[in-house]
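Each chain is listed here by its residues.
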Amino acid sequence: MKNKLSRRNFLKTGIGIGAAAVLTGRKNMARGAEEKGKMRVVASGNGLRATEKGMELLRQGKDPLDAVIAGVNIVENDPNDRSVGYGGLPNEDGVVELDSSVMHGPTHNGGAVASLRNIKNPSKVAKIVMERTDHVLLVGRGALRFAKAHGFKEENLLTDRAREAWLRRKERLSDRDFWFPPKPEEADREFASFFDFHGTINCIAIDANGDLAGVTTTSGFFFKIPGRVGDSPIIGAGLYVDNDVGAAGSTGRGEANILNCGSFQVVNFMSRGSSPEEACLKTLERIANKSKLLPRLLNEEGLPRFGLSFYAINKKGEYGGATMWSGSRYAVHDGKENKRVPSAYLFKRKK
Ligand code: GLY
C-alpha cells in the first residue's frame with residue numbers, strides 16, 4: 001500500500017482527528033432550535049429552493065413527506081442541477097439512471113426506486129411504492145413499468161450539456177480505442193470538473209406536530225457502471241427516519257455509506273443523546289476509521305479520499321450537518337429564515 005501507515009498509528013490518527021472534530025461540533029451545537037413544535041426543513045447545499053418550498057407547505061399544514069418531496073422535485077426538474085433528475089449526469093452508456101428513497105416518520109414506512117430510467121421524479125415514484133405496494137424497493141425495468149402503470153410519462157432525461165460531458169469523458173478514456181481525444185476548445189475546465197462528479201439532494205423536515213419525514217434523490221455517480229446503485233435509495237444508508245428520535249440523510253460517496261448504514265447510525269447516535277451535528281460527526285468518524293481497511297479509499301496521508309455529508313434533525317427541531325472534508329454548506333429553513341450554513345467537518349481540507 002502506498003504511504004502505508006501502521007494500522008495502530010492510523011487508528012490513533014483517525015481517533016485523534018475525530019475527537020477534535022466532535023469537540024468542534026459541540027461548540028457549534030447551539031445552532032439548533034430549542035423550542036419544541038418548531039418547523040424545520042434541512043437539505044444538502046443544492047437544496048435551498050427545496051427548503052423554501054418545504055417550509056411553505058409545512059406552514060399550510062401539509063404532511064412533512066409531501067413537503068420535502070415537493071421541495072426536491074424543483075431540483076429534480078432543473079436541467080442545471082447535474083446531480084439529480086433531469087440534467088443529471090449519465091452512466092457509462094450515456095443513460096441517466098436515477099435512485100431515490102422516501103421515509104415517513106408517523107407510519108414508519110418507506111419506499112424507494114433504483115436504476116430508474118426516463119422518469120424525471122423518482123422521489124414521487126418512491127412515495128407510490130411506499131403507498132401502493134407491500135414492497136420497499138423496486139429497481140430497473142420493474143420500477144419503470146410500475147411508474148408507467150401509475151401514469152408517469154417517459155422522457156429523455158439526457159440534456160445536451162450532460163450528453164457532451166459524457167462524450168468528452170468517453171473521448172478521454174483511452175489511447176487504445178477508436179475515439180480521438182477531445183478538441184482543445186472542448187477540453188475546458190467545466191468538463192474537467194465533471195470527471196469525478198457525483199451529487200445528490202437530501203431533504204428532511206419536522207412539522208409543527210413534531211412529525212418527521214425525509215427524501216433522498218440522485219442520478220448517482222457520473223459514468224457509473226450501468227445498474228450501479230448508490231446509497232440514496234437504501235433505507236438506513238442514504239435516509240433514515242425514526243419518528244421518536246429524528247431524521248437523517250446523506251450525500252456523497254454512496255459505497256462508503258452503504259457499508260456503514262450511515263443515516264441509521266446518525267439517528268442511532270441521536271437516540272443515545274448526541275445532538276444532530278455530533279451524531280453526523282460521530283458517524284463520519286466511524287466511516288473514516290472503517291475506510292482505513294480499504295487502501296484504495298485513502299489519500300497519501302492515509303485519510304479518506306472521498307466526500308460524504310450527513311444532515312440531521314431531532315425530535316426537538318434541533319438540526320445539524322457535517323461533512324468529511326471542510327468547505328461545504330447545507331440549506332436550512334428554521335421557520336424564520338431560509339439560508340445556507342457551514343457544515344461541521346471531520347478533516348480540514350488543505351488550501
Ligand atoms: N450518494 C449518491 C450516490 O452515491 O449515488
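A short tour of the structure in this document, coming up. (Residues numbered from 1 in each chain as written. Predicted model: local features only at pLDDT ≥ 70, side-chain atom pairs only at ≥ 80, totals over all residues. Heavy atoms only, no water.)

**Concerning the overall build of the chain**
How we decide: Secondary structure follows DSSP: runs of H or I at least 4 residues long count as helices, runs of E at least 2 residues long count as strands, and numbering of each begins at the N terminus. Exposure classes here rest on a 1.4 Å probe applied to the protein chains alone. A residue is buried below 20% of its type maximum, exposed above 50%, and partly exposed in between.
Of regular secondary structure, the chain possesses 10 helices and 13 strands. With 351 residues in all, the chain has 56% of them scored as buried.

**Some words on the site of the ligand**
For clarity, the cut-off: Being near a molecule or strand, for a residue, comes down to having at least one heavy atom within 4 Å of it. Definition of a polar contact: a pair of N or O atoms within 3.5 Å, with one able to donate and the other able to accept a hydrogen when the atoms are protein atoms, and with sequence-neighbouring residues admitted only if both atoms are side-chain atoms. Note on areas: these come from Shrake-Rupley sampling with a 1.4 Å probe, and a residue is covered only by the protein chains present in the view. Polar here means any residue other than Ala, Val, Leu, Ile, Met, Phe, Trp, Tyr, Cys and Pro, which are nonpolar, and Asp, Glu, Lys and Arg, which are charged; Gly is therefore polar.
Surveying the vicinity of the ligand reveals the residues Thr200, Gly220, Arg228, Gly230, Asp231, Ser232, Gly252 and Gly254. Contact distances for the ligand include 2.6 Å between a nitrogen atom and a side-chain N or O atom of Asp231. Residue Gly252 places a main-chain N or O atom 2.6 Å away from a nitrogen atom belonging to the ligand. When the ligand sits alone it has 200 Å² of accessible area, and the protein chains cover 100% of it. Of the residues belonging to the shell around the ligand, the class tally is no nonpolar, 6 polar and 2 charged.

**A short note on the packing of helix H3 (residues 64–76) against helix H4 (residues 122–132)**
Applied cut-off: Whenever a helix is involved, its axis is fitted only over the stretch in contact; in every case the axis is a line through C-alpha atoms, and angles between N-to-C directions fall within 0 to 180 degrees. Note on angle classes: values under 35 degrees are labelled roughly parallel, values over 145 roughly antiparallel, values of 65 to 115 roughly perpendicular, and the remainder oblique. Only heavy atoms enter the contact rule, under which two residues are in contact if any of them lie within 4.5 Å.
Running from N to C, H3 and H4 point in directions that differ by 150 degrees, and their axes come no closer than 9 Å. Judged by the angle between their axes, H3 and H4 are roughly antiparallel. Contacts between H3 and H4 involve Leu65, Asp66, Ile69, Val72, Asn73 and Glu76 on the former and, on the latter, Pro122, Ser123, Lys124, Lys127 and Met130. Here the contact of H3 with H4 is built from residues that sort into 5 nonpolar, 2 polar and 4 charged.

**Notes on the environment of Ile234**
For Ile234, the position within the fold is in the loop between strand S6 (212–218) and strand S7 (239–242). Residue Ile234 is classed as partly exposed on the basis of its relative accessible area, which comes to 26%. Excluding its chain neighbours within four sequence positions, the residues that come into contact with Ile234 are Val229, Leu239 and Ile258.

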